[in-house]
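The residues making up each chain are set out below.
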Amino acid sequence: MTSFFIDPNIAKAKTIHTDFYTSSKYFVDAKEKIFAPSWQFIGDTGLVNENGSAYPFTLLEQYLDEPLLLVKDKEGALHCMSNVCTHRGNLVVYEACKLNQLRCKYHGRLFSLDGKFISMPEFKEVEDFPGQADNLHNLSLFQWGSLLFTSLQPVAPAAIFFKEMVDRVGWLPMDRLVYRADLSKDYHVKANWALYCENYLEGFHIPFVHAGLNAVLDFGEYTTEVFRYCNLQLGIGKKGDVCFNLPVDSPDYGKDVAAYYFWTFPNMMFNFYPWGLSLNIVQPLGINETKVSFLTYVFDESKLNTGAGSGLDTVELEDEEVVENVQKGIRSRFYTHGRYSPNREQGTHHFHSLIATFIQ
């Protein structure tokens, strides 16, 4: 078994061993050691617009494959819970609907909209019943504007995972974000999920891979800031390009910020542009197969297709070509580790350090 270690000194460190990208053991281990303890995006409040609305979904389908249920109860409170009946394991809700109570269609077990057990036919003789285990398991739910997140077994509260991002761009009108299905798209990448993430986490490749993006970003001013469970790449625009109108209390006030590229461990990318948010969710499907969902949320349509936030499909396809070739390369007998650029690859070093900590 490979022992993963990333030297905290980036100038001395080697990249993570290629076994992480090629071994089925680590792909499976990452489910419980990396993804289950982290926070995951589940959608937005528009999924349950009315009181009594219920929306069943599968968290990271084909990987974690956890059946969950988002409910807005009669008082308007949101709940995220297991969608598995505590009697015999049937799914409680099959499709999006509006309900007064949650009733399992298999044997009639009844739950309130917050998941608490109410009743069960033919169970009068059962001893020590009902108990806490007969309620639907409730999960932690974090809401930022209209965006919703949950965790199966959170290693830390959402406030810690998202703190630096919320603090930095909390002035944005997050409650005005409108999901645009017509501008959203899924991509299937023939590469390990982690290779896709680490490519995102450095702007080092921009001048070599993304000619269009490089034309609107000032690469010399491109910086990376590392935090506990997230990091930020700050994209500075060239003079005359579309940039944010920053509030005076922003630490970036006075800079021509064209994009905030936030990454949250392990698989979420929040790309903030003057028009809104391109939220990228990286979903593992196999050792060398990944689905990447580009979810578009807009708060200023007049700025769409301008500046750093334009041509996202082109940028994605350019990234896919590189990452898929890296997937081929890391299988080589002659490559197990690389080294980091201390000035350009802090984000990748941070990502590898977190993987090494979680996967042991």
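Parameters and conventions
Residues numbered from 1 in each chain as written. Predicted model: local features only at pLDDT ≥ 70, side-chain atom pairs only at ≥ 80, totals over all residues. Heavy atoms only, no water. Helix = DSSP H or I, 4+ residues; strand = E, 2+ residues; numbered from the N terminus. Rg over C-alpha atoms; globule rule 2.2 N^0.38 Å. Buried < 20%, exposed > 50% of the residue type's maximum accessible area, 1.4 Å probe, protein only. Contact = heavy atoms within 4.5 Å. Lys, Arg positive; Asp, Glu negative; His and termini not counted. Charge placed at Lys NZ, Arg CZ, Asp CG, Glu CD. Axes fitted to C-alpha atoms, helices over the stretch in contact; angles between N-to-C directions. Pairing = 2+ DSSP bridges. Expected span 1.5 Å × (residues − 1). Arc of directions from axis to C-beta. UniProt positions renumbered as here; feature names shortened; annotations may be inferred.

1. Some remarks on the overall build of the protein chain
Inference 1: Summing up its helical and strand segments, the protein chain has 8 helices and 18 strands in all.
Inference 2: Expected size for 360 residues packed as a compact globule is a radius of gyration near 21 Å; at 22 Å, the protein chain falls within 12% of this value.
Inference 3: Taken along its principal axes, the extent of the C-alpha atoms in the protein chain is 70 × 50 × 35 Å.
Inference 4: Residue burial in the protein chain is summarised as follows: out of 360 residues, 53% are buried.
Inference 5: Summarising the internal contacts of the protein chain: among those between residues at least 6 apart in sequence, 64% fall at separations of at least 24.
Inference 6: Positive and negative charge centroids in the protein chain, built from 31 and 43 side chains respectively, lie 3 Å apart.

2. A word on the environment of Glu289
Inference 1: Inspection of the secondary structure puts Glu289 in strand 18 (residues 289-298).
Inference 2: Looking at Glu289, the relative accessible area reads 38%, which means it is partly exposed.
Inference 3: When the C-alpha atoms of Glu289 and Thr357 are compared, they prove to be 24 Å apart, with 68 residues separating the residues in sequence.
Inference 4: Sequence-distant contacts of Glu289, that is, excluding residues within four places in its chain, are made with Val189, Ala191 and Pro284.

3. What to know about the environment of Glu50
Inference 1: Looking at the element boundaries, Glu50 is found in the loop between strand 1 (40-44) and strand 2 (53-59).
Inference 2: Along the backbone, Glu50 and Pro266 are 216 residues apart, and their C-alpha atoms lie at a distance of 32 Å.
Inference 3: Residues in contact with Glu50, not counting those within four places in the same chain, are Lys72 and Lys98.

4. Regarding the packing of helix 4 (residues 193-200) against helix 8 (residues 346-359)
Inference 1: Running from amino to carboxyl end, helix 4 crosses helix 8 at an angle of 145°, the nearest separation of the two axes being 8 Å. Mapping the contact onto sequence places Trp193, Ala194, Cys197 and Glu198 in helix 4 and Thr348, Phe351, His352 and Ile355 in helix 8.

5. Structural notes on the sheet that holds strand 7 (residues 110-111)
Inference 1: The 3 strands are arranged 6-7-8 in an open sheet whose pairing can be described as antiparallel. A strand with exactly one partner marks an edge of an open sheet, and here the two such strands are strand 6 (102-103) and strand 8 (117-119).
Inference 2: Of the pairings in the sheet, the one linking strand 6 to strand 7 comprises 2 bridges and is antiparallel in character. What sits directly across from Arg103, in strand 7, is Leu110.

6. Examining the pairing of strand 10 (residues 147-151)
Inference 1: Within strand 10, 5 of the 5 residues are buried, which leaves the element mostly enclosed by the surrounding structure.
Inference 2: With burial as the criterion, each face of strand 10 is covered, one bearing Leu147, Phe149 and Ser151 and the other bearing Leu148 and Thr150.
Inference 3: Bridge count for strand 1 against strand 10 is 4 bridges, and the pairing is antiparallel. Its bridge partner lying in strand 10, Gly43 is registered against Leu148.
Inference 4: For strand 9 (residues 138-144) and strand 10, the ladder comprises 5 bridges, and the chain directions are antiparallel. Bridging from a neighbouring strand, Gln143 pairs with Leu148 of strand 10.

7. Comments concerning the sheet that holds strand 5 (residues 97-98)
Inference 1: Within the open sheet, the 7 strands sit side by side as 1-10-9-4-3-2-5. Their pairing is antiparallel. The open sheet has two free edges, formed respectively by strand 1 and strand 5, since each of these has just one partner strand.
Inference 2: Strands strand 9 and strand 10 of the sheet are contacted by helix 3 (residues 158-169), whose axis makes an angle of about 10° with strand 9.

8. Considering helix 3
Inference 1: For helix 3, spanning 12 residues, the distance from its first C-alpha to its last is 16 Å, which sits close to the expected 16 Å at 1.5 Å a residue.
Inference 2: Of all the residues in helix 3, the buried ones are Ala158, Phe161, Phe162, Met165, Arg168 and Val169. What you see down the axis of helix 3 is that its buried residues fit within an arc of 150°, all on one side. Among the exposed residues of helix 3, those pointing more than 90 degrees away from its buried face are Ala159 and Asp167.
Inference 3: The elements touched by buried residues of helix 3 are strand 9, strand 10, strand 13 (223-226), strand 14 (230-236), strand 15 (257-264) and strand 16 (268-273).

9. With respect to unusual backbone geometry
Inference 1: Put simply, Phe129 and Pro130 share a cis peptide bond, and its omega is 0°.
Inference 2: In this fold, Pro130 is placed in the loop between strand 8 and strand 9.
Inference 3: Note that the residue after Phe265, namely Pro266, is joined by a cis bond; omega there is 0°.
Inference 4: You can see Pro266 is positioned in the loop between strand 15 and strand 16.

10. Re the UniProt feature "domain: Rieske" (unreviewed entry) in the protein chain
Inference 1: Residues annotated by UniProt as "domain: Rieske" (unreviewed entry) correspond here to residues 39-140.
Inference 2: Span residues 39-140 is 0% helix and 35% strand, its end C-alpha atoms 9 Å apart.

11. Overview of the pairing of strand 17 (residues 276-286)
Inference 1: The element strand 17 is extensively covered by neighbouring structure, given that 11 of its 11 residues are classed as buried.
Inference 2: What sits between strand 16 and strand 17 in their antiparallel hairpin is a turn of 2 residues.
Inference 3: Alignment of strand 17 against strand 18, held across 10 bridges, turns out to be antiparallel. Each bridged residue has a counterpart across the sheet, and for Asn280 the counterpart in strand 18 is Phe294.
Inference 4: Linking strand 17 back to strand 18 in an antiparallel pair, the connection comprises 2 residues.

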